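Each chain, letter by letter, is given below.
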Amino acid sequence: DAARFADRIGAGADEADEFLGSMLTLASPERLSLETVDASALIAEVVDALRETVGERHAITTDADPIRFPGDRVKLRQALRNFVANALQVQPDGGRVHVEASLADDCVVLRVTDAGPGIPAALRKRVLEPFYTTRADGTGLGLALVSTIAGLHGGSVEIPPTPSALGGADVRLRIPHRSPTART
């Protein structure tokens, strides 16, 4: 019992730390710690970590061009993790998620698509607002934080009006490929 409770306490502390970190980033955006980021390695890192928590319930596929670009790897990992975690959460009994990276118009596009219910047109802009959530257990910080991280990199978040090829949401993080207009 002690080991089980210790694991729960550790998980709770990690969640509290993540929540407080998100609040601080939203309240006072930090400066970026730029390095060369490998898009395929970033995707693999995020997907591997989330696969450990969701097990075999979800089919997560990836496709990443060999793209290297300037960015804050820790913040980009957090942003991509939020996208993928949302895609998994809207399909609690299992589903499909696809994560990819590509180059388009001198931007690195990190894209997550899923087979969930999608994002209704009326909510597309609201889901990026801090504290807006449609989930009873949500904080409303995940996508707002992604939007903040995109802005720090001189990029943006896009949610196209059409469903993904999997039938659900299609969310994209666009980061300038050459040199981000970011606060460093």
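Here is a short report on the structure shown in this document. What you see is a predicted model, and the numbers here were worked out from it, not measured in a lab.

**Points about the pattern of salt bridges**
Consideration 1: Applying the stated criterion to the full structure yields 11 salt bridges.
Consideration 2: With its nearest N and O atoms 3.3 Å apart, the salt bridge here joins Arg73 to Glu45. Pair noted here: Arg73 is in helix α3 (residues 73-89) and Glu45 is in helix α2 (residues 39-54), with a separation of 28 residues, a long-range link.
Consideration 3: Classification of Arg73 as partly exposed rests on a relative accessible area of 28%.
Consideration 4: Owing to a relative accessible area of 32%, Glu45 belongs among the partly exposed residues under this scheme.
Consideration 5: Of the charged contacts, one joins Glu100 and Arg111 as a salt bridge, the two residues approaching to 3.9 Å between their closest N and O atoms. With Glu100 in strand β4 (residues 95-104) and Arg111 in strand β5 (residues 107-114), this pair connects stretches of sequence that are 11 residues apart.
Consideration 6: Classification of Arg111 as partly exposed rests on a relative accessible area of 22%.
Consideration 7: Put simply, Glu35, Glu45, Arg73 and Arg77 are held in one network by salt bridges that share partners.

**Section: α3**
Within an α-helix, residues lying three or four positions from one another point in the same direction, as the helix has 3.6 residues per turn.
Consideration 1: For α3, built from 17 residues, the straight-helix expectation of 24 Å at 1.5 Å per residue is met to within 8% by its first-to-last C-alpha distance of 24 Å.
Consideration 2: Every buried residue of α3 is accounted for by Lys75, Leu76, Ala79, Leu80, Asn82, Phe83, Val84, Ala85, Ala87 and Leu88.
Consideration 3: The backbone nitrogen of Val74 has a side-chain oxygen 3.2 Å away, supplied by the residue at the start of α3, namely Asp72.

**Considering the nonpolar core**
Consideration 1: Core analysis: the biggest nonpolar cluster contains 34 residues, and Val112 and Leu173 have the highest contact counts within it.
Consideration 2: Contributions of two or more residues to this core are made by α2, α3, β4, β5, α4 (142-152) and β7 (170-176).
Consideration 3: The contact partners of Val112, leaving out residues within four places of it in the chain, are Leu80, Phe83, Val84, Ala87, Val97, His98, Val99, Ala169, Asp170 and Val171.

**Let's talk about unusual backbone geometry**
Consideration 1: In this model, Asp105 sits at a positive phi of 55 degrees, which is unusual for a non-glycine residue.
Consideration 2: The topology assignment puts Asp105 in the loop between β4 and β5.
Consideration 3: Note on Asp105: relative accessible area 69%, which makes it exposed.
Consideration 4: In the Ramachandran plot, Asp106 falls in the positive-phi region, its phi being about 60 degrees despite a non-glycine side chain.
Consideration 5: Topologically, Asp106 is positioned in the loop between β4 and β5.
Consideration 6: Judged by its relative accessible area of 46%, Asp106 is partly exposed.

Conventions and cut-offs
- Residues numbered from 1 in each chain as written.
- Predicted model: local features only at pLDDT ≥ 70, side-chain atom pairs only at ≥ 80, totals over all residues.
- Heavy atoms only, no water.
- Salt bridge = Lys/Arg side-chain N within 4 Å of Asp/Glu carboxyl O.
- Helix = DSSP H or I, 4+ residues; strand = E, 2+ residues; numbered from the N terminus.
- Buried < 20%, exposed > 50% of the residue type's maximum accessible area, 1.4 Å probe, protein only.
- Expected span 1.5 Å × (residues − 1).
- Polar contact = N/O pair within 3.5 Å; in protein donor to acceptor, adjacent residues only side chain to side chain.
- Core = buried A, V, L, I, M, F, W, Y, C linked by side-chain atoms within 4.5 Å.
- Contact = heavy atoms within 4.5 Å.

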